[in-house]
Amino acid sequence: MESAKENRHLLAGREYVGVDRIDGPLIFVKNTHPVGYRELIECVDKDGQMRLGIVLESSTDAVVVQVFEGTAGLTLPDTRMRFCGEPLNLPVSKEMLGRVFNGLGQPIDGGPPQRGDLALDINGMAINPIARQYPRDFIQTGISVIDGMNTLIRGQKLPIFSGNGLPHNELAAQIARQAKIRGTQTEFAVVFAAMGVKHDVARFFIRSFEESGVLDNVALFLSLADDPSIERLITPRTALTLAEHLAFNEDMHVLVVMTDMTNYCESLREISTIRGEIPSRKGYPGYLYSDLAELYERSGMIKGKAGSITSLPILTMPNDDISHPIPDLSGYITEGQIVFEREMDGRGIYPPVAGLPSLSRLMKDGIGEGMTREDHPHLASQLFAAYSYVKDVRNLASVIGEEELTPLDHDYLEFGKHFEQKFVSQRQDEERSIEETLDIGWDVLRSLPVEELHRITEEEIEKYYGG
Amino acid sequence: MSSAISNLDMVMNERIIGKVKRVNGPVIEVMGITDAEMFELVRVGRQNLIGELIKLEADSAVVQVYEDTTGIAPHDPVFGAGMQLSAELGPGMIGTIYDGIQRPLEAIYEKTGIFITRGVTVPSLDREKQWHFVPCVEPGAHVAAGSVIGTVQETENLEHKILAPPTVSGVLQSVAPEGEYTVTETVATIERDCGGMQDLSMMQRWPIRIQRPTKERLPLDIPLITGQRVIDALFPVAKGGTVAIPGGFGTGKTMTQQAVAKWCDADLIVYIGCGERGNEITDVLTEFPELIDPRTGRSLMERTILIANTSNMPVSAREASIYTGITMAEYFRDQGKHVAILADSTSRWAEALRELSGRMEEMPAEEGFPAYLPTKIAEFYERAGRMETLSGDQGSVTIIGAVSPPGGDFSEPVTQHTKRFIRCFWALDRNLANARHYPAISWLESYSEYMQDMAPWFEQEVNPEWFEDRTEIMELLHKEVRLQQVVKLVGPDALPDTQRFILEVCTLFKNAFLQQNAYDKIDMFSTMQKQARMMHIIVTYWKRGQEAIKNGATLVKMRKLRAYQDIIKMKFTVPNEDLSGLDKIEARLERSMDQMEALHS
Ligand SMILES: Nc1ncnc2c1ncn2[C@@H]1O[C@H](COP(=O)(O)OP(=O)(O)O)[C@@H](O)[C@H]1O
Ligand SMILES: [Mg+2]
């Protein structure tokens, strides 16, 4: 027993020539020394090219390795495998800001190799719930439907549930440009992880960061559509590892943008299928929830640390279906969701944020007196209630015709129109202060008679509605 | 087995029981098994990872590991602890936050910092802290299994009874005098009925997967009052009952559970964050100590035990968290206390089962879940109940489990199987949640099978009219559904005013009564008295309004009544401590209706 342990230590780093089976991105190797679960491997092909991978399963019979850069061109006899004896570590430092990396964290911008202050396991570790600081600081994004009704809080994980062809990149870029904590000046950084998106999407973000002059504060991790799909499984992990370093060791406020989570999940399903695992819904592995949680839960704030990680994952809902496992499981983990509606986009409303299914769970503790404005909680609640009634009235009108509606219902239709056109809709370069947002909210509420405002106090009505 | 080691501190037995054959995530196959026992607690590798032996076959075994297994390799040693995975029970649990296998997170934080590192060993109960023990038995007396041998005032309001373990009985040889003791010091010595002497301390261990014994089950006819109107008034749960709260994401499972944890009239709360968000635990941790329990005037944290195995923590410890929680709840029940256990979410527990089962390559049944899922769910909910304890007290464990159906679709296996074993169903409705009607508990889909048995209690303790009012309201809510169908086809104008008034009253009831804002200082909970009065006022508005309309009053007039606005806002304006505001509203309502009657007659 002791000797097995000893040997293993000495044998780490030992190289094997020839592998036993290759299946998709997986390689099976027999007769190795005892190899640790999740150990990093270096796999060298016959031309001397090195690829990285990790151990997915280790047994006395065989080791199963997943190769990130794919297995194209590998042969059984000539492939050489080296087991590194430790998990994949990423060297991290503040100098990584302003640079571009591939999904594994290797520079691809032609610059010098990065020098890390520390090397961190990209899988991270679970934050002890005791150590968390409950997030409360209001981030003003300048976008009414977010600030007013789905408020973003520093340290929150708030995804955008979008669909193909909808302006989620535009909204994410606008948030990244405009987001600020009012009345403070703090060091901030953006960590951007691209998984399986096209080159022009990456270019769009780079240009947007460039134009707003923040590119030096951005680190990009790109695993694009034409990169091997397995690399996508590592990309968010490397990105989040840097984010954690910047937030919790360097006291920076980090915004993490991850796009497109749907591609990430698809790669996970691919591996799971090849391994012959029992699927749960739609072929996705049963551990998709836990796997996503390992990523999303890395955001937050920590007691006694000045920095924070706010994350803005973007995912495209297959078929615009919010009950698809990817948005569904994400919604169960994240602290709310900004949901896009194709129908609103069709009517030219930007951002096409659906009023009712969108939610910010951390909003309650970050708005109101001393944070945004005293009237904010009740105003938001009233807008939601009224807009939800608008939806009912529209349905009714589509059946019985608008003429048949009561005068009150007509008021609601009017309110709905104003709400969408004046409150939700805004330009991509338009930045509204929270006061402007709330004032517009009151303005659109004036389409309704005062007796309808059940969620607002007399004093607020006097102060804001009457005037 | 628990008694045999109940006085030993956890000494890790360095006995090697086998070595690792295969590692697949949290599931490890072990070869060369010599002498291991089923469900034995084990340690794996030089990292000392905690695990549990869950399958034995010839000379091989399967271990589920409660920590991340990165770095574990074939031939790594597996050590057996010689005991089953057990909870440590005794003074010091209240106000503590544990992970799924009862490791105190505060102590881990002190040891390893902001991240939970692996292989940390921290005892569940503080070994240094001294408690003031007061004996209540004399040497020479016969001590029955599970009977009380002394007490410790653990918090201002909670008297912790020190019990003989459920498996130990005999004649008391000696008992420690009143004084300060740690949980491991001997406080009593018993000559056991089965022979031999046994030292007892204030701490005992109990294997978490085994139900603690009681004398008998008692009828479930006393409600657990939650302060949430839609629950207490429409779908109340009994003390010792079982509830499922199913709902898609964002429909209010966690908020409902937290509201119940805060305001229900249990003596003790065990709140299990099972595979959910880290920040929700932080929320409880920051909020509960600040909130005051209206019944005792003390901080809510003084009656709460938290178990946090968040979604990013190891999945097998998530599976265990449910059992850790219920074992603690049963231990306090055995002291004659009413305990409510909130599990958020049982679906994550079921998914943990599924993941482990998949990694063991078991045959799946529906949607990849193992075939034994229903059995496991049943076993869990069976541990609820109101009981006569071994010591002759009465105590209860009420289980309230959230269910997170994929896509919000209640026809999935976990919801369906859970429904078979619970008797109270608080169904969360996506449309209500989207309309920000909170709590989004559907009045059409939810039910309580305890209703009939508890009606006498309500009539006696709350209000003789209570049951009648409730029936009236439920009928209106069901009529409304049919009327709404008509409206959707032909518009509201087609209905006569008497029927449109039903719609109006239902809207009023939803706004004024069913909706309850968890963030409002006054509205966050309502006493049973306030609820009953509010309901009665609305029923009065309905009954008298209906008469008035028959006599020619218009709907608009009914709506423009000053009393109408009062009723809509009464939940925010009338505090629980002083219901005189409701007297005024009721009087004004009666007056206006009298006037209207005079006008139209
Ligand atoms: N009783 C309530 N009062 C006020 N807001 C509520 C209430 N119930 C739910 N909510 C709102 O709904 C959001 C989601 O509720 P939550 O309980 O976290 O949902 P789930 O656990 O089902 O995903 C909360 O963040 C809160 O904004
Ligand atoms: Mg929840």
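Residues numbered from 1 in each chain as written. Chains lettered and ligands numbered in written order. Predicted model: local features only at pLDDT ≥ 70, side-chain atom pairs only at ≥ 80, totals over all residues. Heavy atoms only, no water.

A surface patch of nonpolar side chains, about 220 Å² in accessible area, is lined by M38(B), F39(B) and L56(B). Here F39(B) shows up in the loop between β2 (27-31) and β3 (40-44). (Patch = residues over 30% accessible without salt bridge, like charges linked within 9 Å, V, L, I, M, F, W, Y side chains within 5 Å. Areas by Shrake-Rupley, 256 points an atom, 1.4 Å probe, with all protein chains shown as cover. Salt bridge = Lys/Arg side-chain N within 4 Å of Asp/Glu carboxyl O. Helix = DSSP H or I, 4+ residues; strand = E, 2+ residues; numbered from the N terminus.)

Turning our attention to the nonpolar core. Counting residues in each nonpolar core, the largest one holds 170 residues, and the members touching the most others are F415(A), W426(B), Y541(B) and I567(B). The contacts of F415(A), once residues within four sequence positions are left out, are L383(A), A386(A), Y387(A), V390(A), V444(A), L445(A), S447(A) and L448(A). Core analysis: the next-biggest nonpolar cluster, separate from the first, contains 72 residues, L41(B), V270(B), A343(B) and F369(B) among them. (Core = buried A, V, L, I, M, F, W, Y, C linked by side-chain atoms within 4.5 Å. Buried < 20%, exposed > 50% of the residue type's maximum accessible area, 1.4 Å probe, protein only. Contact = heavy atoms within 4.5 Å.)

Here we come to the packing of aromatic side chains. All names here are of chain A. Within this structure, the stated rule accounts for 28 aromatic pairs over all chains. Ring geometry for F192 versus F205: centroids 4.6 Å apart, planes at 45°, classification tilted. Pair noted here: F192 is in strand β13 (residues 188-195) and F205 is in helix α4 (residues 199-211), with a separation of 13 residues, a long-range link. Accessibility expressed as a relative area gives 0% for F192, which makes it buried. On the basis of relative accessible area, F205 is assigned to the buried category, the value being 1%. (Phe/Tyr/Trp six-rings, centres within 6.5 Å; stacked < 30°, edge-to-face > 60°.)

Of the residues lining the interface, 80 residues belong to chain A; the matching set on chain B comes to 89 residues. Between chain A and chain B lies a buried interface of about 6,800 Å² when both sides are counted; carbon and sulfur atoms form 56% of it. On inspection of chain A and its partner chain B, the count reaches four salt bridges. Two residues, D283(B) and K364(A), come together in a salt bridge whose shortest N-O distance is 3.2 Å. For the side of chain A that touches chain B, the secondary-structure elements that each account for two or more residues are α1 (2-11), β5 (50-59), β11 (132-133), α7 (288-296), α8 (325-333) and α10 (376-400) of chain A. Here the side of chain A that touches chain B takes six residues from α10(A), the largest share from any one element. For the side of chain A that touches chain B, the class distribution of residues is 37 nonpolar, 19 polar and 24 charged. (Buried area = accessible area lost by both parts, 1.4 Å probe. Nonpolar A, V, L, I, M, F, W, Y, C, P; charged D, E, K, R; others polar.)

Scored by pLDDT, chain B has a mean of 93; 98% of the residues are at 70 or more. Every residue in residues 1-12 of chain B scores below 50 in pLDDT, and together they form 37 contacts with partners more than four places removed in sequence or on other chains. (pLDDT = per-residue confidence, 0-100.)

With that out of the way, let us pick up the sheet that holds strand β13 (residues 170-175) of chain B. Residue and element names in this part refer to chain B. Across the sheet, four strands lie side by side as β10-β13-β15-β16; this open sheet has antiparallel pairing. The open sheet terminates on both sides in strands that have one partner only, identified here as β10 (142-143) and β16 (197-201). Here β13 pairs with strand β15 (residues 186-192) via five bridges, running antiparallel. Looking at β15, one finds that V175 is bridged to A188. (Pairing = 2+ DSSP bridges.)

Take the packing of helix α13 (residues 528-550) of chain B against helix α15 (residues 562-573) of chain B next. A packed helix pair is summarised by two numbers, namely the angle formed by the two axes and the spacing between the axes. Residues and elements named next belong to chain B. Remark: α13 packs on α15, axes separated minimally by 11 Å, with the N-to-C direction vectors making an angle of 160°. It follows that α13 is roughly antiparallel to α15 by the angle criterion. In the packing of α13 onto α15, the handedness of the crossing is left-handed. Taking contact as the criterion, the partners of K530, M534, I537, I538 and Y541 in α13 are, on α15, Y564, I567, M570 and K571. Within the contact of α13 with α15, the residues separate by chemical class into seven nonpolar, no polar and two charged. (Axes fitted to C-alpha atoms, helices over the stretch in contact; angles between N-to-C directions. Parallel < 35°, antiparallel > 145°, perpendicular 65-115°, else oblique. Left-handed = near helix turned anticlockwise from the far one by under 90°.)

With that settled, consider the site of ligand 1. In the vicinity of ligand 1, 14 residues are found, and the nearest of them are R361(A), G250(B), K253(B), T254(B) and M255(B). The local environment of ligand 1 is shared, drawing residues from chains A and B. In the environment of ligand 1, an oxygen atom lies 2.6 Å from a nitrogen or oxygen atom belonging to the backbone of M255(B). Here A518(B) contributes a backbone N or O atom positioned 3.1 Å from a nitrogen atom of ligand 1. Taken by itself ligand 1 offers 560 Å² of open surface, and the protein chains cover 92% of this. Residue composition of the shell around ligand 1, by class: five nonpolar, seven polar and two charged. Residue assignment places the shell around ligand 1 across two domains, with domain 3 (216-449) and domain 4 (466-600) of chain B each supplying three or more. (Near = heavy atom within 4 Å. Polar contact = N/O pair within 3.5 Å; in protein donor to acceptor, adjacent residues only side chain to side chain. Domains from an automatic or database assignment.)

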